[in-house]
Amino acid sequence: MDVTIICERPKVGPHRPAMIKRLAEILDIEEDRISVKATTTEGLGFTGRQEGIAAQALATVAMGD
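The structure contained in this document is the topic of the report that follows. Model, not experiment: these values are computed from the prediction.

Section: a negative patch on the surface
Negative charge collects at one region of the surface, where Asp-28, Glu-30, Glu-31 and Asp-32 lie side by side. Relative to the helices and strands, Glu-31 is located in the loop between helix H1 (16-27) and strand S2 (35-39). On the basis of relative accessible area, Glu-31 is assigned to the partly exposed category, the value being 42%.

Encoded structure:
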């Protein structure tokens, strides 16, 4: 799972380990299978005006035999 948080604030870094741990618990997968990162919109749009936070997630799902 790859997650990108889009916001100006708060800084995601200090919260990253807890986010990864919780996602691993919810998804029942290993923590090393999850990537959480952050970016900003350089002051543009609702996230740039600090009116909200956006997130994008991509998951690869493989079905067992």
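Description of the pattern of salt bridges
Under the criterion given, the structure shown has three salt bridges. A salt bridge links Arg-22 to Glu-25, with the nearest nitrogen and oxygen atoms 3.2 Å apart. Of the two residues, Arg-22 and Glu-25 both sit in helix H1, three residues apart, roughly one turn of that helix. Owing to a relative accessible area of 46%, Arg-22 belongs among the partly exposed residues under this scheme. Classification of Glu-25 by relative accessible area gives partly exposed; the value is 45%.

Rules used throughout
Residues numbered from 1 in each chain as written. Predicted model: local features only at pLDDT ≥ 70, side-chain atom pairs only at ≥ 80, totals over all residues. Heavy atoms only, no water. Patch = residues over 30% accessible without salt bridge, like charges linked within 9 Å, V, L, I, M, F, W, Y side chains within 5 Å. Areas by Shrake-Rupley, 256 points an atom, 1.4 Å probe, with all protein chains shown as cover. Salt bridge = Lys/Arg side-chain N within 4 Å of Asp/Glu carboxyl O. Lys, Arg positive; Asp, Glu negative; His and termini not counted. Charge placed at Lys NZ, Arg CZ, Asp CG, Glu CD. Helix = DSSP H or I, 4+ residues; strand = E, 2+ residues; numbered from the N terminus. Buried < 20%, exposed > 50% of the residue type's maximum accessible area, 1.4 Å probe, protein only.

Distances and angles like these do not, on their own, reveal function.
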